[in-house]
Amino acid sequence: MSLFEDGSSGKSHMIEFSHVNKRYGDFHALVDINAQVRKGEVVVVCGPSGSGKSTLIRTVNRLEEIQSGTLTFDGASVHAKMSSRDLNRLRSRIGFVFQSFNLFPHMSALDNVMLSPIRIRGLSRTEAHDKAMLLLNRVGLANKAYSFPAQLSGGQQQRVAIARALAMEPPAMLFDEPTSALDPEMVGEVLAVMRSLAGDGMTMMCVTHEMTFAREVADRVWFMDAGSILSMDEPKHFFSNPEHPRAQRFLADLHAR
């Protein structure tokens, strides 16, 4: 069993979309989505801007509501009626890394990572401190524990954000374009942490334009356009012989840049 795999559940799917639809007024943002992410699987979601990638991933922890269909996370219905407490409990099990870091600017890197385990999981400050230091070491930032976000580079802030998400010991991690706000020289340090998590068996959904990461790390690549998933392929097949004409154009455009 991998480091991050939970042997308590007999279900092989960590995330499952069934006929999921999402609208913003008259705009159909997600169109009849049917897809599954297996436990321990790394799925990269790619496609042109405005294709619905970020909307899709944000439905998994209910940052976006859906109008119809069902979405389950580790067997639990994400969009069922539930109390705010139950919703917070659900979200605590789904690590989410945003494009814009979302660290608390008045708190050190260490305190950012410690906050949720203390408030939500009830850890003592000593327990939370020790755990946070281990995680900051894991992302290569133990020496920045007492630095504030403004004192950190964008890549360092994003690595703190990953450590913060991991502090809740989630069985899955969602990444919503985690490198798109970074200068090119900082992208690699964040992707290295993501590669490490994937290597340890973490279930991951990643919305990203980093096609090298998709080619090397993903188990499957979902290609989206106009709110639909048009293909779900292994990276080797997707990059060498994409079947859908829209995916062919997307990759041709990337190669032309």
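Sequence order sets the numbering: in each chain, residues are counted from 1 along the sequence as written. This being a predicted model, a pLDDT of at least 70 is required before a residue's local features are given, and a value of 80 or more before pairs of side-chain atoms are given or counted; all residues contribute to the totals for chains, interfaces and linings. Values reported for side chains reflect all heavy atoms of the structure, with hydrogen atoms and water molecules removed beforehand.

A. Structural detail: the packing of aromatic side chains. Note on aromatic pairs: the rings of Phe, Tyr and Trp (six-membered ring only in Trp) are paired at centre separations within 6.5 Å, and the planes decide the class, stacked below 30 degrees, edge-to-face beyond 60, tilted for the rest. Counted according to the given criterion, the structure contains five aromatic pairs. Ring centres 5.2 Å apart and planes at 55° place the aromatic pair Phe223 and Phe250 in the tilted group. Taken together, the residues span a long stretch of sequence, with Phe223 in strand β9 (residues 220-225) and Phe250 in helix α9 (residues 245-256) at a distance of 27 residues. For Phe223, a relative accessible area of 0% corresponds to the buried category. Strands are runs of DSSP state E lasting at least 2 residues, helices are runs of H or I lasting at least 4, and numbering of each runs from the N terminus. Only protein chains enter the accessibility calculation, which uses a 1.4 Å probe. A residue is then buried if its area is under 20% of the maximum for its type, exposed if over 50%, and partly exposed in between.

B. Geometry of the sheet that holds strand β7 (residues 172-176). Note on pairing: two strands pair once DSSP finds at least 2 bridges between them. Spatial ordering of the open sheet is given by β6-β7-β8-β3-β9-β10, a layout of six strands whose pairing is mixed. Two strands in the sheet have a free side with no partner beyond their single neighbour: β6 (94-97) and β10 (228-233). Between one strand axis and the next, the sheet turns by 15° as a mean value, whatever way the strands run. Where β7 lies against strand β8 (residues 203-207), five bridges are found, and the strand directions are parallel. Considered in β8, the bridge of Ala172 is made with Thr203. Set on the sheet, helix α5 (residues 154-166) makes contact with β6 and β7; between it and β6 the angle comes to about 170°. In this analysis an axis means a line fitted to C-alpha atoms, helices contributing only their contacting stretch, and an angle means the value between N-to-C directions, from 0 to 180 degrees. Any pair of residues with heavy atoms lying within 4.5 Å of one another is described as a contacting pair.

C. Local environment of the state of the cysteines. Disulfides are defined as pairs of cysteine sulfur atoms found within 2.5 Å of each other. Evaluated as defined, the whole model comprises zero disulfides. Cysteine Cys46 is unpaired, with the sulfur of Cys206 as its nearest cysteine sulfur at 12 Å. Take Cys46: its relative accessible area is 1%, and that puts it in the buried class.

D. Layout of the nonpolar core. Counting residues in hydrophobic clusters, the biggest one holds 52 residues, and the most contacted among them are Ile162, Met173, Phe175, Met194 and Met204. The element that contributes the greatest number of residues to this core is helix α6 (residues 184-199), accounting for eight residues. Those residues within four positions of Ile162 in sequence are excluded, and the remaining contacts are Val97, Met173, Phe175, Val190, Val193, Met194 and Leu197. For our purposes a nonpolar core is just a set of buried Ala, Val, Leu, Ile, Met, Phe, Trp, Tyr and Cys residues, chained together by side-chain atoms within 4.5 Å.

E. Up close: helix α3 (residues 109-119). Every buried residue of α3 is listed here: Ala109, Leu110, Asn112, Val113, Met114, Leu115 and Pro117. Looking at the buried side of α3, the elements it contacts are α4 (125-138) and α5.

Scope: geometric values only; no functional claims are made or implied.
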